[in-house]
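The lines below spell out each chain.
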Amino acid sequence: MEAPKLLMLILCALFIGKTLGDGVTPQEAKELRDEVREMFYHAFNGYMDHAFPRDELRPLSCGGEDTLGGYALTLIDSLDTLALLGDRERFTSSVEWIGKNLQFDINKTVSIFETTIRVLGGLISAHLIASDYNTGMRIPTYDNELLHLAEDLARRMLPAFDTPTGIPFGSVNLLHGVDENESKITSTAGGGTLTLEFGVLSRLTNDPIFEQVAKNAVRGLWARRSKINLVGAHIDVFSGDWTQKDAGIGTSIDSFYEYLLKAYLLFGDEEYLFIFQEAYKAAMHYLFNDPWYVEVNMNSAALVWPLFNSLQAFWPGLQVLAGDIEPAIRTHAAFFSVWRRYGFTPEGFNLATLTVQQGQKSYPLRPELIESTYWLYKATRDPRYLDAGRDMLASLQYGARCTCGYCHISDVEFHKQEDHMESFFLAETVKYLWLLFDLAAGPDNLVENGPYKYIFSTEGHLLPATPQISLVREHCSYFGAYCRNSNLILKTHTPESAETNSSHSQTQPADSSSLSHSSYQSSPPITGLIKGLCPGLTHGQRFGISLTAPVDPSSEDENSSQRETTEVQSHSVVLISDPNSEISLSSPHNDHDNDPVRAPQEKSPSSKESR
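Small disclaimer: the values here were computed from a predicted structure and weren't measured.

This paragraph deals with the overall build of the chain. Check the secondary structure of the chain and you find 20 helices and 25 strands. Counting across all 611 residues of the chain, residues that qualify as buried make up 60%.

Pasting the structure below:
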């Protein structure tokens with residue numbers, strides 16, 4: 001054997017042996033999980049001690065700053081992480097404080113996108129945890145305060161959707177509606193990343209307006225796609241003209257793709273699945289330069305930027321949900337190589353020069369690469385992802401940890417710290433790290449062992465696939481919840497939003513009825529939300545694993561107790577519990593065997609528009 005080849009074999013053997021020898025053991029996974037928990041409380045306590053109730057912590061100077069609306073943003077964003085960690089005391093006290101002190105009748109102009117994913121999503125997720133015995137974190141004194149706040153907030157954002165295209169303005173004043181001089185330009189992610197939060201709110205309040213406006217925003221964007229099924233980065237919400245025609249999977253577009261798939265997984269709406277399949281197919285054809293992704297002109301597909309930007313790092317995790325594992329593995333490896341090179345991922349890395357892009361040298365504690373690491377480990381159980389998680393944790397501990405929390409890195413080449421800590425560090429970055437190591441240690445948490453399967457919003461908030469949320473159009477029947485049975489004494493829930501708001505807000509926002517009829521297309525109303533008891537159901541039916549088929553009243557037998565019940569299969573909303581199993585995303589009503597999208601079981605997580 002030639003000497004160079006022999007030397008290469010020896011080096012490979014040594015490398016493989018070191019990799020296996022240094023792998024994360026279950027005991028080390030527990031220690032790493034505990035280290036992440038301590039990381040969370042270092043930052044959370046720093047915020048509560050030095051910044052609360054301001055929006056965010058200044059971790060170097062140990063102060064606070066208002067960055068979004070001045071309403072305890074970091075606390076709201078951290079609620080479901082507290083619940084996930086099993087911190088009943090802090091979760092309870094935080095929910096109670098917010099319920100008593102938070103209000104949105106303030107003269108503040110806020111981002112529709114950021115307010116939706118951080119505040120609205122945080123309130124809804126915490127409400128669903130605090131109000132449900134099955135989560136193990138129910139608060140006995142809780143009386144839907146967070147849901148009322150979420151509804152009030154969403155109504156204050158509705159004027160932003162009153163545009164000819166249905167695509168909302170980027171910002172809205174919570175007291176006065178859209179400012180007179182508000183820009184008509186918004187990002188694709190800004191208009192297309194509202195469906196989960198607004199859709200869940202419609203199901204919880206039985207008011208379809210929230211779901212309608214969010215869905216019509218997606219329709220407005222998709223209707224203006226190019227002939228090759230690509231969308232640009234920025235659009236005029238009045239004319240519908242694209243003002244930036246760069247197509248990519250990162251900045252200003254990323255979560256548009258994410259919410260198409262997740263909206264289908266959570267709601268079972270096949271329109272979202274169809275759009276996702278078309279959009280994903282185009283992205284993989286025109287943007288994928290294996291293993292990297294580039295930006296191209298949305299019309300001609302001509303290369304615009306050979307650039308990796310850090311927001312692209314969510315993509316492998318999304319591919320896990322879509323069942324496209326092989327390219328996800330290759331892309332994650334490429335992205336992680338950038339992290340290994342600098343200790344963090346810069347905002348931009350030039351693929352032509354293989355250097356950090358000028359003006360994009362910072363790392364603002366982003367979660368996306370950690371998120372994809374979690375999902376790939378969940379799908380494959382490959383120990384390389386635990387090793388990657390350990391490396392990322394070490395980088396954060398030694399490079400970003402500072403006096404009262406964790407600092408932005410302003411320059412990844414020199415690891416210079418900046419006095420800022422975004423709320424998403426506690427909502428996402430720490431959460432995905434903790435879930436990764438807890439999964440390896442033998443999971444004991446709400447997501448892995450709870451009664452529901454969860455979709456993660458783009459801010460990492462937990463949205464459960466309960467029958468009330470996911471299966472409402474199919475009249476899912478389970479004890480003490482929502483069912484259709486004419487022989488029961490039932491109470492019909494009709495929208496009483498104005499009455500509800502009047503008791504929880506001193507100042508009424510703009511009425512949703514002021515929306516012009518031309519600004520959105522009507523979706524089928526949510527029906528069948530009838531509160532009642534459905535006795536005699538199985539455990540599976542109670543938790544939405546199987547459904548009771550709706551019965552035509554005209555053919556209903558007089559003796560309902562003797563009527564046969566037909567069970568039908570729900571759409572697939574299940575977490576990856578077996579790395580080797582895959583579940584088709586196809587609808588029970590249509591054959592999608594030829595579709596390129598298949599999913600192992602459930603998920604996960606800004607455009608974080610341009611965070």
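Spatially, S5-S6-S7 is the arrangement adopted by the three strands of the open sheet, whose pairing is antiparallel. Edge positions in the sheet fall to strand S5 (185–187) and strand S7 (242–244), since each of these pairs with one other strand and no more. Looking at each pair of strands side by side, their axes are set apart by 35° on average, direction ignored. Pairing of strand S6 (residues 234–236) with S7 involves two bridges; the strand directions are antiparallel. Each residue of the ladder has a partner; that of His234, found in S7, is Gln244.

For any two helices packed against each other, one specifies the inter-axial angle together with the distance between the axes. Closest axis-to-axis distance for the helix H12 (residues 315–322)/helix H13 (residues 325–342) pair is 9 Å, and the angle between their directions is 165°. One way to sum up the angle between H12 and H13 is to call them roughly antiparallel. In this structure, H12 crosses over H13, and the sense of that crossing is left-handed. Contact residues: H12 offers Pro316, Gln319 and Val320, while H13 offers Ile325, Pro327, Ala328, Thr331, His332 and Phe335. Of the residues that constitute the contact of H12 with H13, the class distribution is six nonpolar, three polar and no charged.

Before going further, it helps to examine the state of the cysteines. By the definition in use, this model includes two disulfides. Each sulfur in the disulfide pair Cys62 and Cys404 lies 1.8 Å from the other. The S-S bond linking Cys62 to Cys404 shows a torsion near 85°; that makes this disulfide right-handed. Of this pair, Cys62 sits in the loop between strand S1 (56–58) and strand S2 (63–65) while Cys404 sits in the loop between helix H15 (384–400) and strand S16 (408–411), and the two are 342 residues apart along the sequence. On the basis of relative accessibility, which here comes to 22%, the residue Cys62 falls in the partly exposed class. For Cys404, a relative accessible area of 7% gives the class buried. Each disulfide pairs two cysteine sulfurs, and for Cys402 the partner residue is Cys407, the sulfurs being separated by 2.3 Å. Measuring the twist about the S-S bond at about 105°, one finds the Cys402-Cys407 disulfide to be right-handed. In this pair, the class of Cys402 matches that of Cys407, namely buried.

Moving on, we come to the pairing of S16. Across three bridges, S16 lies against strand S17 (residues 416–418) in antiparallel orientation. Within S17, the residue paired with His408 across the bridge is Glu418. Taking the residues between adjacent antiparallel strands as the criterion, S16 and S17 are bridged by four residues, where His415 takes a positive phi near 55°.

Sheet strands associate in pairs through backbone hydrogen bonding, adopting either a parallel or an antiparallel arrangement. Read across the sheet, three strands follow the order S8-S11-S12 without closing on themselves; strand pairing throughout is antiparallel. Two strands close off the open sheet at either side, each with one partner strand: strand S8 (246–247) and strand S12 (303–305).

Here we come to the packing of aromatic side chains. By convention here, two paired aromatic rings are described through the distance between centres and the angle between planes. Applying the stated criterion across every chain yields a total of 27 aromatic pairs. Between Phe198 and Phe210 the ring centres are 6.4 Å apart and the planes differ by 70°, which places this aromatic pair in the edge-to-face class. Placement of Phe198 in helix H8 (residues 195–205) and of Phe210 in helix H9 (residues 209–222) is noted, with a sequence separation of 12 residues between them. In this structure, Phe198 and Phe210 share a single accessibility class: buried. The rings of Phe256, Tyr257, Phe276, Tyr280, Phe288, Tyr293, Phe314 and Trp315 are connected pair by pair, giving a single aromatic cluster. It is Arg138 that lies over the ring of Tyr133; its NZ or CZ is 4.3 Å from the centre. For the cation-ring pair, Arg381 lies above Tyr377, with the distance from its terminal atom to the ring centre recorded as 5.7 Å.

A separate point is the pattern of salt bridges. Scanning the model with the defined rule gives 27 salt bridges in all. Glu114 serves as the salt-bridge partner of Arg118, at 2.9 Å between the closest nitrogen and oxygen. Of this pair, Arg118 and Glu114 both sit in helix H5 (residues 112–130), four residues apart, roughly one helical turn. Summarising the burial analysis for this pair, Arg118 and Glu114 share the class buried. Here Arg219 makes a salt bridge to Glu271, at a shortest N to O gap of 3.0 Å. Within this pair, whereas Arg219 is found in helix H9, its partner Glu271 is found in helix H11 (residues 270–286), the two being separated by 52 residues in sequence. For Glu271, a relative accessible area of 28% corresponds to the partly exposed category. Each of Glu56, Glu114, Arg118 and Glu422 takes part in a single network of salt bridges with overlapping partners.

In this structure, Phe91, Leu123, Phe198, Tyr257 and Trp315 are the most contacted members of the largest nonpolar core, which totals 170 residues. With 12 residues, the top contributor of residues to this core is helix H16 (residues 424–441). Beyond its immediate chain neighbours, meaning those up to four positions away, Phe198 contacts Thr116, Leu120, Met157, Leu158, Phe161, Phe210, Glu211, Val213 and Ala214.

For the bond running from Phe52 to Pro53, omega is 5°, close enough to zero to count as cis. Counting through the fold element by element, Pro53 comes out in the loop between helix H2 (26–50) and S1. A cis amide bond links Asp290 to the next residue, Pro291, at an omega of 5°. With respect to the helices and strands, the residue Pro291 is situated in the loop between strand S9 (288–289) and strand S10 (292–293). In this structure, Cys62 is a non-glycine residue whose phi angle is positive, near 60°. At Asn206, a position not held by glycine, the phi torsion is positive, near 60°. Within the secondary structure layout, Asn206 lies in the loop between H8 and H9. By relative accessible area, Asn206 is classed as buried at 10%.

This brings us to the environment of Leu261. By the secondary structure assignment, Leu261 is in helix H10 (residues 254–267). Leu261 gets classed as buried once you look at its relative accessible area, which sits at 0%. The spacing of Leu261 and Gln277 is 16 residues in sequence and 8.5 Å in space, taken between C-alpha atoms.

Basis of the calculations
- Residues numbered from 1 in each chain as written.
- Predicted model: local features only at pLDDT ≥ 70, side-chain atom pairs only at ≥ 80, totals over all residues.
- Heavy atoms only, no water.
- Helix = DSSP H or I, 4+ residues; strand = E, 2+ residues; numbered from the N terminus.
- Buried < 20%, exposed > 50% of the residue type's maximum accessible area, 1.4 Å probe, protein only.
- Pairing = 2+ DSSP bridges.
- Axes fitted to C-alpha atoms, helices over the stretch in contact; angles between N-to-C directions.
- Parallel < 35°, antiparallel > 145°, perpendicular 65-115°, else oblique.
- Left-handed = near helix turned anticlockwise from the far one by under 90°.
- Contact = heavy atoms within 4.5 Å.
- Nonpolar A, V, L, I, M, F, W, Y, C, P; charged D, E, K, R; others polar.
- Disulfide = S-S within 2.5 Å.
- Phe/Tyr/Trp six-rings, centres within 6.5 Å; stacked < 30°, edge-to-face > 60°.
- Lys NZ or Arg CZ within 6 Å of the ring centre and 35° of its normal.
- Salt bridge = Lys/Arg side-chain N within 4 Å of Asp/Glu carboxyl O.
- Core = buried A, V, L, I, M, F, W, Y, C linked by side-chain atoms within 4.5 Å.

Just distances and angles here, no functional claims.
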